[in-house]
Amino acid sequence: LKLQFLYFIATAYPSPSKMSCEWLEMQREAERHAAIEQYLRSKLSAGHTDPSMYSPTSTQMMLARDDPTYRIPASTLMPLTQADKIRMTFQDLDANKDGVVDREEFGKGVQTCKLDFTEDALNELFQKAKRGNEGNLTESEWYSFIIGYPMFLDALYHRFRSIHNADRDAEAAKGAKERFGERVDSLKKEIDTAKADLSDAEGKVSSGDSEHDEAVEKQKDAERQHKDAIEAVADAFKQRKETEVKIAMEWEATRAQRIAIAEAARDADIAQRRLAAAEEKEKWALQALESAKQEKEQATADLESAKSRQTEVKTGEDPEAVLSNADRSVADAQRREYELGIAASQAADKADRLRWAKDEQVRVKNSHEARLNRATDALAEAEKSYEENDARLKDAENVKDHGPIVDEKENQLVEEEIRLKREREVLEKKETNLHKECTEFTQRVSPQRERLHHSPGGYSSPLHTSPYTTPVKDIRSY
């Protein structure tokens, strides 16, 4: 029995070392498939955004942003599911719309999407989709097939969509081009107007600066003159005060001088009367002519002496006249100070008005500058949108003329997905065969294992504890 058991192991089942190598290789292959699948999905997600982002189109989004009256069709805002993409790609492949896809339609559809598959590869994919059945490909068969090729499905879906949307995007881009052109022209005119307004505002600001500077200089000059007038008033008051003090100090001498003047005037009057009397006596008394002449000469001398003394006394200034002159000087200084104060206040008011006008002109200038900057920024954005729209128009025309735009890396990823799927199917088939062989072997050796296990010697079969008899997990779970 022992030899028979070893014979069964040697003939019906591979060696443990061979089983171990195959099991580890399957596990590594499953892990490698999972890693590559994750990598490919990340690459496709970088190339294709979420499906709902493909509706609306980028042109529609641009029109909705720039034209408040534009409304995106509600149908383009519906989120797409994987089943929707499968159904839509099947309809795109069905060129004659008879509900099925034949081999020619399948090949043309794939070539239209610019997937570089050979004829043998297309035949293989079509047969896999048909599962070996005869006839054309139905929608249910397409669903069961393409659900296992998500990247292949995305490539077909998005490239068919780009072809279908090319006409719509081209028309939308042409309409947007006209609107963007009008917008650019309008902004250019607005910029020209803003530049003219800014230039005019800058001229007014410059003129206002000159007027304001001139008014400030006049204000300073008036304030300086007013200050001098105030100082002149103070000097006049000071001189009047000094005059009053001087008059008070010299009042006695002045009074004595006035008395002397009065006495000299009286003596002069007496001498005048004496002269008249002497002349009368000279006229009527010829005999006393000599003495009268002498008296006349003496009176004349006395008169001259009195006049001289009177003149000497009158040479001094009259204090009242001096004080009156000082009062007039103070009044004149006060009047001039008042007039210059008014002139300085008027100059200050004018300078303030010009400063406010200057500030207003600066504000207007800054407003025109901000308006010019906004118009310039808007023009730059409009020109950028115009260029982007031209690029989209060229892309749409290119898609219409030469088919969808293709990224070779994406084609490589789709081919890699198909290759990995093929290798995975080979591994799954190999796994199925191994499971089948293991099950058959277990069924053959099970009675002998039971007898050996319950033998008196307590012998236990190595298959009882061998890790290689443990069923291998389904590789699809990795």
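Above this text sits the structure in question.
Now for a quick tour of the structure. (Residues numbered from 1 in each chain as written. Predicted model: local features only at pLDDT ≥ 70, side-chain atom pairs only at ≥ 80, totals over all residues. Heavy atoms only, no water.)

Helix α11 (residues 319-402) packs onto helix α8 (residues 150-249) with a crossing angle of 170° between their chain directions and a minimal axis gap of 3 Å. One finds that α8 runs roughly antiparallel with respect to α11. Of the residues in the contact of α8 with α11, the class split is 47 nonpolar, 17 polar and 30 charged. (Axes fitted to C-alpha atoms, helices over the stretch in contact; angles between N-to-C directions. Helix = DSSP H or I, 4+ residues; strand = E, 2+ residues; numbered from the N terminus. Parallel < 35°, antiparallel > 145°, perpendicular 65-115°, else oblique. Nonpolar A, V, L, I, M, F, W, Y, C, P; charged D, E, K, R; others polar.)

Right, let's talk about the packing of aromatic side chains for a bit. The geometry of an aromatic ring pair comes down to the distance between the two centres and the angle between the two planes. For the structure on display, the rule yields five aromatic pairs. Between the aromatic rings of F117 and F152, the centroid separation amounts to 5.8 Å while the plane-to-plane angle is 70°, which identifies the pairing as edge-to-face. On the criterion of sequence distance, the pair formed by F117 in the loop between α5 (103-112) and α6 (119-130) and F152 in helix α8 is long-range, its members being 35 residues apart. Of the residues examined, F117 reaches a relative accessible area of 14% and is grouped as buried. Among the aromatic side chains, those forming a connected cluster through ring pairs are F106, F126, W142, F145 and Y149. The ring of Y149 is capped by K421, whose NZ or CZ atom sits 5.8 Å from the centre of that ring. (Phe/Tyr/Trp six-rings, centres within 6.5 Å; stacked < 30°, edge-to-face > 60°. Buried < 20%, exposed > 50% of the residue type's maximum accessible area, 1.4 Å probe, protein only. Lys NZ or Arg CZ within 6 Å of the ring centre and 35° of its normal.)

Looking now at the pattern of salt bridges. Evaluation of the coordinates by the stated rule reveals 26 salt bridges. For D200, the salt bridge identified is with K204, shortest N-O distance 3.6 Å. Taken together, the residues D200 and K204, both in helix α8 and four residues apart, mark about one turn of the helix. For K204, a relative accessible area of 46% puts it in the partly exposed group. Residues joined in a network through salt bridges with shared partners are E124, K128, R422 and E425. (Salt bridge = Lys/Arg side-chain N within 4 Å of Asp/Glu carboxyl O.)

To continue, consider the side chain of N411. Along the chain, the position of N411 falls in helix α12 (residues 408-453). Judged by relative accessible area, N411 falls into the buried class, the value being 3%. Within the local environment of N411, its side chain forms a polar contact with the side chain of R159, the two groups lying 2.8 Å apart. Not counting residues within four places of it along the chain, the set of residues in contact with N411 comprises K114, L115, D116, R159 and V406. (Polar contact = N/O pair within 3.5 Å; in protein donor to acceptor, adjacent residues only side chain to side chain. Contact = heavy atoms within 4.5 Å.)

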